[in-house]
Amino acid sequence: MTDWVDVAHRDEIAHKEYRVVDVDDVEVVVFNLDGEFYALEDVCTHDGAELSGGHVEDECIVCPRHGAKFSIRSGEALTPPAYEATETFPVRVTEDGTVQVRDPRWD
Amino acid sequence: MSTVDPIAERLIERLGGERPGDSVDWIAALRSRAAERLAALGLPHTKIEDWKYTSLKPITKRDFARPDAASATADAGAVEALRIPGLETHRLVFVNGHFAAALSDRDLGAQGLTVKSLAAAFAEDPEALRDRFAALAPIDFSGFTALNTAYADDGAVIRVAPKTQVERPIELVFLSTPQGQPVMAQPRVILDAGHHSEVTLIEHFVGLDDAANLTNAVTELKIDVGAQVTHYRLQRESRKGFHIASIHAEQAENSRYASHNVQIGGQLSRTDINTALNAEGADTLFNGIYLLNGRQHSDTHTRINHLAPHTYSEESYRGILNDHARGVFNGRVYVAQNAQQIQAYQQNDNLLLSGRAEIDTKPELEIYADDVVCSHGATIGRLDDNMLFYLRSRGVDEEAARGLLLYAFAEGTVEKMGLEALRTWLEGFVIDELPQAERVREFV
Ligand code: FES
């Protein structure tokens, strides 16, 4: 099984903010929505832009290149020009409050 | 004051040091120009149109070291096992970019043929390389070509005299082996095919023992009037390895360049193949295949520049992508205004075996002449249901039928290769890459 990778302490990512981490060569954006954490691959399925750099609107991240919106909870593409979901990853918060993420695709 | 790219700065710090040829003024000057260029350019990134689908973060975040010449050894048995059965070649072996004489054929030349390591060529007759080193691969091409020009430790220099037919192919084996920390191997290959000569070059990149190194290779091919160069490139880096390469060919009148490019290995690879058809009658074949699975990412950019009338190019690339693999194919054909009555054909066909695999394919035609025949096409598909049905109706079970169709698809690339022994050997690898390998073997 692949290892959990530390993202930050829970208090370091405010509501509607995010952090980017490198999970074994995959760039992952980890979001805080009301104290719950979610992780998406840092790739827009429309044309490959990095989602990080975009802003959070409602519960979506808006791609900075052409404005496609992705659901932070499910990774789904909610508006054109993107149609396919971006990858999601499991997130957990350890007892001491460290947010961690993992890429289970290669287990 | 020009700004220095921080990634380039780190590279320059780590890779600097003495190299063969440094005592020759023009080589030292060229290298420092290349290092300056690298400092200004940095390595490519996704904001550059040509690199937008290939993030180099996995490369830039690692601190690759300069490979150590003293450890340029490998197990002779393992090297022997890499021979292509039934094919006699002039063989040079490199380990992490350094020439390994002990593993190479002793007697490298033949009538009308000289083959030397780059270090030997610099030591023995540097003047002969003055107009050749970096003449076809400009340091402006990308940060990687600048990097290679500044820091290539070794490579090969091949000269074929006019009207010489070199019988045995020249085989360059580039081994990537673990060496404590990940290293960056930077081979440089320079080939001159004299007028009306014929030669076959095989560049074979192999990663051993899960090496997590980076190969940054540059190859320059000068093909004189009526000469024929057949160039096989087999990229079998380890699944943890990285491979960046650019090939730059210049073709004179009635010359022929055939490039056969097989990409199987590497976690992240990018290959640029460029040719310039500079005079009438020049002819190019670009034939390639990428077989990707797991989380491999492979990017191929080709450029065919028709710069003279009555030139001909044919390009066919195929891809089979499974799991989360990602492929990028960009085929550019440029036809200059005076290049009338040229013909250029391009085709890129892809099979996606999983819903998560992805290919970005893009032909780019830039045509300034008006009397030309150009065509291009790209397909992205799954296996043909009718063909599957047909095979099944002949009593072949589903799994074997799928495997056979994939094999037949790949065979479309392999069958264009002229060297029979290489073809047979390669078919074995192709089958190994297919999900139904076992079943296919029962039939072929
Ligand atoms: S790349 Fe994200 S919307 Fe186009």
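The residue count restarts for each chain, going from 1 along the sequence in the order it is written. Labels are handed out in written order, letters beginning with A for the chains and numbers beginning with 1 for the ligands. Only residues with pLDDT of at least 70 are given local features in this predicted model, and only at 80 or more are side-chain atom pairs given and counted; all residues enter the totals for whole chains, interfaces and linings. Only hydrogens and water are set aside; all other atoms, that is, all heavy atoms of the structure, feed into the side-chain values.

**Digging into the overall build of chain B**
Now for step 1: Counting from the N terminus, the helices are DSSP H or I runs at least four residues long and the strands are E runs at least two residues long. Assigned secondary structure in chain B consists of 10 helices and 20 strands.
Now for step 2: C-alpha extents for chain B along the principal axes are approximately 70 × 55 × 50 Å.
Now for step 3: Per-residue burial for chain B yields a buried fraction of 59% across its 444 residues.
Now for step 4: In chain B, once contacts between residues fewer than 6 apart in sequence are set aside, the share between residues at least 24 apart is 84%.
Now for step 5: As displayed, chain B has an accessible area near 17,500 Å², and 48% of this comes from carbon and sulfur atoms. Relative accessibility decides the category of a residue: with a 1.4 Å probe and only protein chains considered, values under 20% of the type maximum give buried, values over 50% give exposed, and everything between is partly exposed. Contact between two residues is taken to exist if any of their heavy atoms lie within 4.5 Å; hydrogens are not considered. A 1.4 Å probe and the Shrake-Rupley method give the accessible areas. Residues count as covered only by the protein chains that appear here.

**Let's talk about the overall build of chain A**
Now for step 1: Within chain A, the secondary structure is distributed over zero helices and 10 strands.
Now for step 2: Traced from its N-terminal end to its C-terminal end, chain A shows the element sequence β-β-β-β-β-β-β-β-β-β.
Now for step 3: Expected size for 107 residues packed as a compact globule is a radius of gyration near 13 Å; at 13 Å, chain A falls within 12% of this value.
Now for step 4: Taken over the C-alpha atoms alone, chain A extends approximately 40 × 30 × 20 Å along its principal axes.
Now for step 5: Within chain A, buried positions represent 45% of all 107 residues.
Now for step 6: Long-range contacts, defined as pairs at least 24 residues apart, comprise 41% of the intrachain contacts of chain A with a sequence gap of at least 6.
Now for step 7: Positive and negative charge centroids in chain A, built from 9 and 25 side chains respectively, lie 4 Å apart. For the radius of gyration, the atom set is restricted to C-alpha positions; the globular benchmark scales as 2.2 Å times the number of residues to the power 0.38. Counted as positive: Lys and Arg. Counted as negative: Asp and Glu, with His and the chain ends omitted from the count. A charge is said to be at NZ when it belongs to Lys, at CZ for Arg, at CG for Asp and at CD for Glu.

**A look at the side chain of B:Thr200**
All names here are of chain B.
Now for step 1: Secondary-structure assignment places Thr 200 in strand β8 (residues 198–207).
Now for step 2: The class of Thr 200 is buried, set by a relative accessible area of 17%.
Now for step 3: With near-sequence residues (within four places) excluded, Thr 200 lies in contact with Pro 169, Ile 170, Thr 230, Tyr 232 and Leu 419.

**Some thoughts on the domain arrangement of chain B**
Residues and elements named next belong to chain B.
Now for step 1: Throughout the structure description, domain borders are defined by an automatic or database domain assignment. Under the domain assignment, chain B is made up of domain 1 (6–279) and domain 2 (384–444).
Now for step 2: If you look at the interface, domain 1 gives 17 residues, while domain 2 gives 10 residues.
Now for step 3: For the pairing of domain 1 and domain 2, the buried interface totals around 1,100 Å² over both sides, and the portion due to carbon and sulfur atoms is 79%.
Now for step 4: Salt bridges are identified by distance alone: a Lys or Arg side-chain nitrogen within 4 Å of an Asp or Glu carboxyl oxygen. There are one salt bridge connecting domain 1 and domain 2.
Now for step 5: As a salt-bridge pair, Arg 239 and Glu 433 come within 3.2 Å of each other at their nearest N and O atoms. What counts as buried area is the accessible surface, traced by a 1.4 Å probe, that two parts surrender upon association, with contributions from both included.

**Regarding the confidence of the model for chain A**
Now for step 1: The predictor attaches a confidence to each residue, and that confidence, scored 0 to 100, is pLDDT. Looking at chain A, the pLDDT average stands at 91 and 99% of residues meet or exceed 70.
Now for step 2: Confidence, read as mean pLDDT per element, is least for strand β1 (residues 5–9) of chain A in chain A (90) and greatest for strand β7 (residues 69–71) of chain A (95).

**So, the environment of B:Arg295**
Now for step 1: Take B:Arg295: it is sitting in the loop between β14 (283–292) and β15 (297–306).
Now for step 2: Each C-alpha atom of the pair B:Arg295 and B:Asp323 lies 7.0 Å from the other, and the pair is 28 residues apart in sequence.
Now for step 3: Here A:Asp24 takes part through its backbone oxygen, which lies 2.6 Å from a polar atom of the side chain of B:Arg295. Here a polar contact means two N or O atoms within 3.5 Å. Within protein one must be a hydrogen donor candidate and the other an acceptor candidate, and residues neighboring in sequence count only if both atoms are side-chain atoms.

**Regarding the sheet that holds strand β9 (residues 91–93) of chain A**
Residues and elements named next belong to chain A.
Now for step 1: The strand order across the open sheet formed by three strands is β1-β10-β9, and the pairing between neighbours is antiparallel. Looking at the sheet topology across the chains shown, the edges are occupied by β1 and β9. Each neighbouring strand pair of the sheet contributes to a mean axis angle of 25°, computed without reference to strand direction.
Now for step 2: DSSP-based pairing: two strands are paired if at least 2 bridges between them are found. Here β1 runs beside strand β10 (residues 98–101); their pairing, made up of four bridges, is antiparallel. From the neighbouring strand, Val 5 faces β10, where its bridge partner is Val 101. Fitted lines through C-alpha atoms serve as axes, helices being fitted only where they are in contact, and the angles separating the N-to-C directions of these axes extend from 0 to 180 degrees.

**Points about the packing of aromatic side chains**
Any aromatic ring pair is given by two values, namely how distant the centres are and how the planes are angled relative to each other.
Residue and element names in this part refer to chain B.
Now for step 1: Within 6.5 Å between ring centres, the rings of Phe, Tyr and Trp (the latter by its six-membered ring) count as paired, and their orientation is classed by plane angle as stacked under 30 degrees, edge-to-face over 60, tilted in between. Per the stated rule, a full pass over the model turns up 12 aromatic pairs over all chains.
Now for step 2: Considering the side-chain rings of Phe 64 and Phe 242, the 5.9 Å spacing of their centres and the 75° angle between planes classify their relative orientation as edge-to-face. Here Phe 64 is found in the loop between α3 (57–60) and α4 (76–80), whereas its partner Phe 242 is found in strand β11 (residues 242–251), with 178 residues between them in sequence. Each member of the pair Phe 64 and Phe 242 is classed as buried.
Now for step 3: Ring-pair connections join several aromatic residues into one group, and the members of that group are Phe 94, Phe 99, Phe 174 and Phe 205.

**Here we look at helix α9 (residues 420–433) of chain B**
Because each turn of an α-helix spans 3.6 residues, side chains separated by three or four positions in sequence point in the same direction.
Now for step 1: Between its terminal C-alpha atoms α9(B) stretches 20 Å, which fits the 20 Å expected from 14 residues at 1.5 Å a residue.
Now for step 2: Each element contacted by the buried residues of α9(B) is listed here: β8, β10 (228–236), β12 (256–263), β14, α8 (398–414) and α10 (437–441) of chain B. Expected span, for any helix, means 1.5 Å times one less than how many residues it has.

**A closer look at the pattern of salt bridges**
Now for step 1: On inspection of all chains with the given rule, the structure shows 46 salt bridges over all chains.
Now for step 2: Here B:Arg31 and B:Asp22 are joined by a salt bridge, their closest N and O atoms 2.7 Å apart.
Now for step 3: Shared partners join several salt bridges into a network, and the residues in it are A:Glu41, A:Glu87, A:Asp103, A:Arg105 and B:Arg356.

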